[in-house]
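# Chain and residue survey
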Amino acid sequence: MAKKALVVDDEKLIVKGIRFSLEQDDMQVDCAYDGEEALKLARETEYDIVLLDIMIPKIDGLQVCQQIREFSNMPIIMLTAKGEDMDKIMGLEYGADDYITKPFNILEVKARIKAIMRRMNQNTGAAAQKKVVEINDLKLDCESRRVYIADKEINLTAKEFDVLELLVFNPNKVYSRENLLNIVWGYEYPGDVRTVDVHIRRLREKIESNPSEPKYVHTKWGVGYYFQA
């Protein structure tokens, strides 16, 4: 079955170029030129990847990303003309899985997409061995990639789920921020370890009753993070 991509950018030449290139890889590509159109398409179709520009009309890309996260964990790569670190971190704060700064090489875009899809497939395969894990009031359904706390579903981004799944399946093993970055994001990911800190903080805010005194995802100061129930 062909992979499905959604490309969102108000610069039609950029959209046309990305669409042509992805279709050469036998992907089905939908296009949107503003935030409202992007959200409509995202609600109608579960995409394998979303390429989302930040500066788009009607609803900006960060808000689109945040709203998509309310109903789906489909992978999102932010496209931004801004190179400042804060903009990149903000994109991840809103639930993005990766970012690419314009101007970009289409080969880099395709490499990032393939890396994300490969990790998604690997995670699905590994999780198939044990589909549901229940620890205290935490329930991890690896097949549907859903998380519940006290039977209430918690919306995690794809990367937040990947981090939690890795930690849960390796309890008490301490992962350094560099290790988590390499395992979850991949060696080719250009970001830095602050990306990990952002995701751990967001994950705690979602699954811990008191994020400042976590019950599940703990910090070993000066070393890294680990899971303990």
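Residues numbered from 1 in each chain as written. Predicted model: local features only at pLDDT ≥ 70, side-chain atom pairs only at ≥ 80, totals over all residues. Heavy atoms only, no water.

Under an unreviewed UniProt entry, the name given to the chain is Stage 0 sporulation protein A homolog, and the source organism is Diplocloster agilis. What the UniProt record of the chain gives under Function (unreviewed entry) is the line "May play the central regulatory role in sporulation. It may be an element of the effector pathway responsible for the activation of sporulation genes in response to nutritional stress. Spo0A may act in concert with spo0H (a sigma factor) to control the expression of some genes that are critical to the sporulation process." (UniProt positions renumbered as here; feature names shortened; annotations may be inferred.)

### Some thoughts on the pattern of salt bridges
Summed over all chains, the structure comprises 18 salt bridges. A salt bridge links R202 to E160; the shortest N-O distance between them is 2.8 Å. In this pair, R202 is assigned in helix α8 (residues 194-207) and E160 in helix α6 (residues 158-168), connecting sequence segments 42 residues apart. Side by side, R202 and E160 carry an identical accessibility label, which is buried. The shortest N-O distance in the salt bridge between K206 and E160 comes to 2.7 Å. One end of the pair, K206, is in helix α8; the other, E160, is in helix α6, with 46 residues separating them in the sequence. (Salt bridge = Lys/Arg side-chain N within 4 Å of Asp/Glu carboxyl O. Helix = DSSP H or I, 4+ residues; strand = E, 2+ residues; numbered from the N terminus. Buried < 20%, exposed > 50% of the residue type's maximum accessible area, 1.4 Å probe, protein only.)

### Some details on the packing of helix α2 (residues 35-44) against helix α3 (residues 61-68)
Between α2 and α3, the least distance of the axes is 10 Å, while the angle of their chain directions is 20°. Considering the angle they form, α2 stands roughly parallel to α3. Considering how the two elements wind past one another, α2 and α3 form a crossing that is right-handed. Within the contact between the two elements, α2 uses G35, A38, L39, A42 and R43 and α3 uses V64, Q67 and I68. Of the residues that constitute the contact of α2 with α3, the class distribution is 5 nonpolar, 2 polar and 1 charged. (Axes fitted to C-alpha atoms, helices over the stretch in contact; angles between N-to-C directions. Parallel < 35°, antiparallel > 145°, perpendicular 65-115°, else oblique. Left-handed = near helix turned anticlockwise from the far one by under 90°. Contact = heavy atoms within 4.5 Å. Nonpolar A, V, L, I, M, F, W, Y, C, P; charged D, E, K, R; others polar.)

### Let's talk about the sheet that holds strand β9 (residues 152-154)
The strand order β6-β7-β8-β9 describes an open sheet built from 4 strands, whose pairing is antiparallel. In the strand order of this sheet, the two ends are held by β6 (132-135) and β9, each with one partner. Adjacent strand axes in the sheet meet at a mean angle of 25°, parallel and antiparallel pairs treated alike. When strand β8 (residues 146-149) meets β9, the two strands line up antiparallel, connected through 3 bridges. Of the residues in β9, the one forming a bridge with V147 is I154. Contacts from α6 reach β6, β7 (138-141) and β8 within the one sheet, and its direction differs from that of β7 by about 110°. (Pairing = 2+ DSSP bridges.)

### A short note on the packing of aromatic side chains
Remark: the centre distance and the inter-plane angle together describe each pair of aromatic rings, the angle taken between the planes. Counted according to the given criterion, the structure contains 1 aromatic pair. Here Y216 and F227 contribute two aromatic rings whose centre-to-centre distance is 5.7 Å and whose plane-to-plane angle is 10°, an arrangement assigned as stacked. Within this pair, whereas Y216 is found in the loop between α8 and β10 (217-220), its partner F227 is found in strand β11 (residues 224-227), the two being separated by 11 residues in sequence. Judged by relative accessible area, Y216 falls into the buried class, the value being 1%. The class for F227 is buried, based on a relative accessible area of 2%. In this arrangement the basic side chain of K139 is found over the ring face of Y148, its NZ or CZ atom lying 5.4 Å from the centre. (Phe/Tyr/Trp six-rings, centres within 6.5 Å; stacked < 30°, edge-to-face > 60°. Lys NZ or Arg CZ within 6 Å of the ring centre and 35° of its normal.)

### Points about helix α7 (residues 177-185)
For α7, the set of buried residues is L180, L181, V184 and W185. Taken around the axis of α7, the buried residues stretch over an arc of 100°, which confines them to a single face. Just beyond α7, the residue with positive phi is G186, at close to 100°. (Arc of directions from axis to C-beta.)

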